[in-house]
Amino acid sequence: VLAFHRLAASWPWPISVAYLSTEWHRDRRLGLQLLDVQAQPPPDAHRIVLSVVADRGYRQPQNLFPFNLLRNVAVENCAS
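Residues numbered from 1 in each chain as written. Predicted model: local features only at pLDDT ≥ 70, side-chain atom pairs only at ≥ 80, totals over all residues. Heavy atoms only, no water.

Asks: Sorry, what's going on with helix α1 (residues 2–10) here?
Replies: Since the α-helix turns once every 3.6 residues, residues separated by three or four places project in the same direction. Taken together, the buried positions of α1 are Phe-4, His-5 and Ala-8. Down the axis, α1 shows its buried residues gathered within 105° of arc, on one side only. Away from the buried face of α1 by more than 90 degrees, exposed residues Leu-2, Arg-6, Ala-9 and Ser-10 are located. (Buried < 20%, exposed > 50% of the residue type's maximum accessible area, 1.4 Å probe, protein only. Helix = DSSP H or I, 4+ residues; strand = E, 2+ residues; numbered from the N terminus. Arc of directions from axis to C-beta.)

As structure tokens, this is what we get:
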């Protein structure tokens, strides 16, 4: 998440993030707080669109990470 803060500080355009969550209801409620570092939100948080994606068995038991799914969700929800 710290690397994301550095990226957000240096990237002046909108950012769309897809977050794979094993606790979807909790993480959806937390929203952008998921990206906080030591209670500090990312720089220019108003430019960030966060999509929380439920982990529907990708990591457990299959031990997979759905890169394409997350990319597609982030692209679908980005602001232009």
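Asks: Is there a simple way to think about the packing of aromatic side chains in this case?
Replies: To describe a pair of aromatic rings, one takes the distance between the centres and the angle between the planes. A complete count under the given rule lists two aromatic pairs for this structure. Residues Trp-11 and Trp-13 carry aromatic rings whose centres are separated by 4.9 Å and whose planes lie at 70° to one another, so their mutual orientation is edge-to-face. Pairing Phe-65 with Phe-67 gives two aromatic rings, centres 4.9 Å apart and planes at 55°, and the pair type is tilted. A relative accessible area of 58% means that Phe-67 is categorised as exposed. (Phe/Tyr/Trp six-rings, centres within 6.5 Å; stacked < 30°, edge-to-face > 60°.)

Asks: Can you walk me through helix α3 (residues 67–76) in this structure?
Replies: Residues of α3 that are buried include every one of Leu-70, Val-73 and Ala-74, and no others. Within α3, the buried residues cover an arc of 100° as seen down the axis, which keeps them to one side. Turned more than 90 degrees away from the buried face of α3, the exposed residues are Val-75 and Glu-76. Those residues of α3 that are buried lie in contact with β1 (15–21) and β2 (48–54). (Contact = heavy atoms within 4.5 Å.)

Asks: Where do I start with unusual backbone geometry in this structure?
Replies: Trans peptide bonds make up the majority, and among non-glycine residues the majority have a negative phi. The omega torsion of the bond from Gln-60 to Pro-61 falls at 5°, within 30 degrees of zero and hence cis. Residue position: Pro-61 is located in the loop between β2 and α3. Residues other than glycine seldom take positive phi values, yet Gln-38 does so here, at roughly 50°. On the secondary structure map, Gln-38 appears in the loop between α2 (24–30) and β2. Judged by relative accessible area, Gln-38 falls into the exposed class, the value being 76%. A positive phi angle, near 50°, is found at Asp-44, a position not held by glycine. With respect to the helices and strands, Asp-44 occurs in the loop between α2 and β2.

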